[in-house]
Structure formats: structure tokens, C-alpha cells
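Each chain is listed here by its residues.
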Amino acid sequence: MKRSIVTTMLALLWAGGALAGGSGSSATTADGLIRFDPPQSLGCVAVRVEVPAQQMLTGVRWWNGSASLALPKILVASGSGMEPPAYAEAVIVAEGVSGSDSAWSTAEFGTPIASISGTLFVILQYPPDFVPATGGPQLGVGWSEEEALYTHFVTGDGETWIKVASQCRVLVEPVLDEAIGGVTMLRGSDQTPARTDEVGLTLAPNPFNPETHVDLYLAAATTGTVRVFDLRGRLVAELHHGPLQAGHNPFVWNGVDSNGRPVASGVYSVLAETPDQRHVQKAFLVK
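Residues numbered from 1 in each chain as written. Predicted model: local features only at pLDDT ≥ 70, side-chain atom pairs only at ≥ 80, totals over all residues. Heavy atoms only, no water.

**Q** Explain the sheet that holds strand 18 (residues 235-244) here, please?
**A** Pairing is antiparallel across the open sheet formed by four strands, whose spatial order is 18-17-20-21. Sheet topology places strand 18 and strand 21 (278-285) at the edges, where each strand pairs with a single neighbour. Pairs of neighbouring strands in the sheet enclose a mean axial angle of 15°, with direction left out of account. Note that strand 20 (residues 266-273) and strand 21 share eight bridges and pair antiparallel. (Pairing = 2+ DSSP bridges. Helix = DSSP H or I, 4+ residues; strand = E, 2+ residues; numbered from the N terminus. Axes fitted to C-alpha atoms, helices over the stretch in contact; angles between N-to-C directions.)

Set out below in C-alpha cells:
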């Protein structure tokens, strides 16, 4: 980097007065914008996100400085450590991203992202060697003087990351949703994150009568079970026990128990388990 990371951090938080504008998930507005002074070749802001097994990352919210300037890239990386991996290991999920003027903005990813490790890092990249124009539009991610909701980091070279103090809230937040088939799965142990076309469990139709299609999507071939339980946790039916293929594994539950007897209307849980994964969805039987 073009000076020590410590020196860069001292100039990082720029208090330009409260910036008026819209709101995102809360009424928080920015007290200033993050900038890199001196300019850095690969200035980035990252947020660490815990992604539960049954959820996926579908986008990111951030407080944006100016609508007339764009962030070159938004990237996502998987990892099991406390700090983001190197920039080179991240996957690009959006390019040329513009937001609103001095307001919360949202970027949706073209493909949802999940993580085998359970941890993802969302990275917002500044233009190389960006210098804000005097009196002109101010590109940047906002910050506020309050306790942080997530763990954030900055880098100037894509290699060395430093953690932002928890007393300073960087206004970058993940957008999470329930997991479905057709997401990208990132593996933190790989030098280059691996992708799969689909992973997860879906039911359709749901609610259903008389049957629902149970579709299990896996990253790799394995063995496992697909079973139905009632609300008390009692086994109702076993749809599969044995080998599972990579990709699409289709099953059907026709609303009967293991003895072929119709079950009552109600809420059931369809659970798919393999040695290293667990997927569950609620099934609503209506008669």
C-alpha cells in the first residue's frame, strides 16, 4: 500500500457532518463517508456475515454517497477465519454499481450465495486511486458514531485487512433470505471459490393436496436420507435412504405415512440430511 495501513486508517473516517437522506433497515443516517487518504490501488470495505444453513445471501445494503459515481465491483468470499481472505479469492457478484444520493441503497445479486463454512465476506470496491473532487460528488460508503451491528474491515491493497473499531458502525449490511435451489455455494478451503449450479431443498406446491414435489439439490454426490416429521418430531415417512447424486434429486410425498396411511391436515417438516449438510422445509398439507 502507499503508506502504512495504520496511517491510512487514521485518515479513513472523515466526519463531514450528518448526511441527510433516506433510510434502510433502520433510521440510521451517515455521519460521514469512508475514504482512503492517501488514495489506494485497491481500496475496499468488507463486512463479515454469518449465513445460517437454511439461508442465503441475496444482496447488500449500504449508505451511498453519490448517485453520479459507481462502485466498480461488489464481491463475495467465503472463509472460516475472522478476517476476509485475499481479494483475489473473492467472486464478483455485481459490477458498475450505483446507489442513491446520500441514502441507503441496495444491490441485488444475480445469483444468491451460500457458504459451506457458514461465513461470507461482502466486499465493496472503490475505484483505483480514487480522489474525491473538491466540492464535487463524494463517492463512498457511509459510517455513523454508534455500536456496530456487524464486523467490518478495510484494505488498501486487497491483501492486508484491518478491523474497524466496533464503536464505529460502517453502514454496510447483508440481505439474507430463505435458502432455495439454484444458489452459488462457496467453499472457503479452496484457493479459488468453487461454484455449484444448485444447492438446497424446495417443495412445490406448498401448501399441497394430495402431493408435493420434494427437490433436493446437492453440490456433490453423497449418501443421505430424506424424511418427513410431524410437529412433535416423530418420524412420519422416509422418502429416501441411500445414495444421492450431484445436482437434482427429485422425490414426491403424497401425504401418507410409512405404512401408506393418509395423514391428517397440518404442518410437517421435510428433512434432508447428508454427512455434512442438513436442509429442512415446512410442508403444509391442506385437505
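Still to come is the rest of the account.
**Q** Sorry, what's going on with the pattern of salt bridges here?
**A** Tallied over the entire structure, the rule returns nine salt bridges. A salt bridge links E273 to R227; the nearest nitrogen and oxygen atoms lie 3.0 Å apart. On the criterion of sequence distance, the pair formed by E273 in strand 20 and R227 in strand 17 (residues 222-229) is long-range, its members being 46 residues apart. Judged by its relative accessible area of 25%, E273 falls in the partly exposed class. Using a relative accessible area of 21% as the deciding quantity, one classes R227 as partly exposed. The residue R261 makes a salt bridge to D257 at a minimum N-O spacing of 3.1 Å. (Salt bridge = Lys/Arg side-chain N within 4 Å of Asp/Glu carboxyl O. Buried < 20%, exposed > 50% of the residue type's maximum accessible area, 1.4 Å probe, protein only.)

**Q** Looking at this model, I keep getting lost on the confidence of the model for the chain. Mind explaining?
**A** As a note on interpretation, predicted positions should not be read in detail where pLDDT is low. Averaged over all residues, the pLDDT of the chain equals 80, while 83% of them reach at least 70. Mean pLDDT values for the elements of the chain range from 35 in helix 1 (residues 5-10) up to 95 in strand 18. Every residue in residues 1-25 is under pLDDT 50, and counting partners more than four places away or in other chains gives 63 contacts. Confidence drops under pLDDT 50 across residues 187-197; counting only partners more than four residues distant or on other chains, this segment forms 23 contacts. (pLDDT = per-residue confidence, 0-100. Contact = heavy atoms within 4.5 Å.)

**Q** Even after reading the chapter, I still don't get the side chain of N64, so can you show me in this structure?
**A** Position of N64 among the secondary structure elements: in strand 4 (residues 55-64). Classification of N64 by relative accessible area gives buried; the value is 0%. Once you skip the residues sitting within four places of it in the chain, N64 turns out to touch G99, S100, D101, S102, A103, S105 and G140.

**Q** Would you explain the sheet that holds strand 16 (residues 212-218) in this entry?
**A** Backbone hydrogen bonds hold the strands of a sheet together, and the pairing may be parallel or antiparallel. One open sheet holds the three strands; their spatial order is 15-16-19, and the pairing between them is antiparallel. Of all strands in the sheet, those bounded by a partner on one side alone are strand 15 (200-204) and strand 19 (247-253). Geometrically, the sheet is characterised by an average inter-axis angle of 20° between neighbouring strands, direction not taken into account. Of the strand pairs in this sheet, strand 16 and strand 19 are connected by seven bridges, and their pairing is antiparallel. Of the residues in strand 19, the one forming a bridge with D215 is P250.

**Q** Before we go on, may I ask you to explain the environment of T222 in this structure?
**A** Of note, T222 is situated in strand 17. With 22 residues separating them along the chain, T222 and L244 place their C-alpha atoms 5.2 Å apart. Aside from chain neighbours lying at most four places away, what touches T222 is G242, P243, L244, T274 and P275.

**Q** So what exactly am I meant to see when it comes to the pairing of strand 4 here?
**A** Within a regular strand, side chains alternate between the sheet's two faces. By the criterion of burial, strand 4 is predominantly enclosed, with eight of the ten residues buried. Relative to strand 13 (residues 172-178), strand 4 runs antiparallel, the two being bridged by seven bridges. Across the sheet, the residue bridging to Q55 is E178, located in strand 13. Two strands pair when backbone bridges link them, and strand 4 and strand 7 (residues 103-115) are joined in this way by seven bridges, in the antiparallel orientation. By the bridge assignment for strand 7, L57 is matched with I113.

**Q** Is there a simple way to think about unusual backbone geometry in this case?
**A** Trans peptide bonds make up most of the peptide bonds, and negative phi angles are found at most residues other than glycine. With an omega of 10°, the peptide bond between D37 and P38 qualifies as cis. Its place among the elements puts P38 in the loop between strand 2 (32-34) and strand 3 (44-50). At S102, a residue that is not glycine, the phi angle is positive and equals roughly 45°. Inspection of the secondary structure assignment puts S102 in the loop between strand 6 (91-97) and strand 7.

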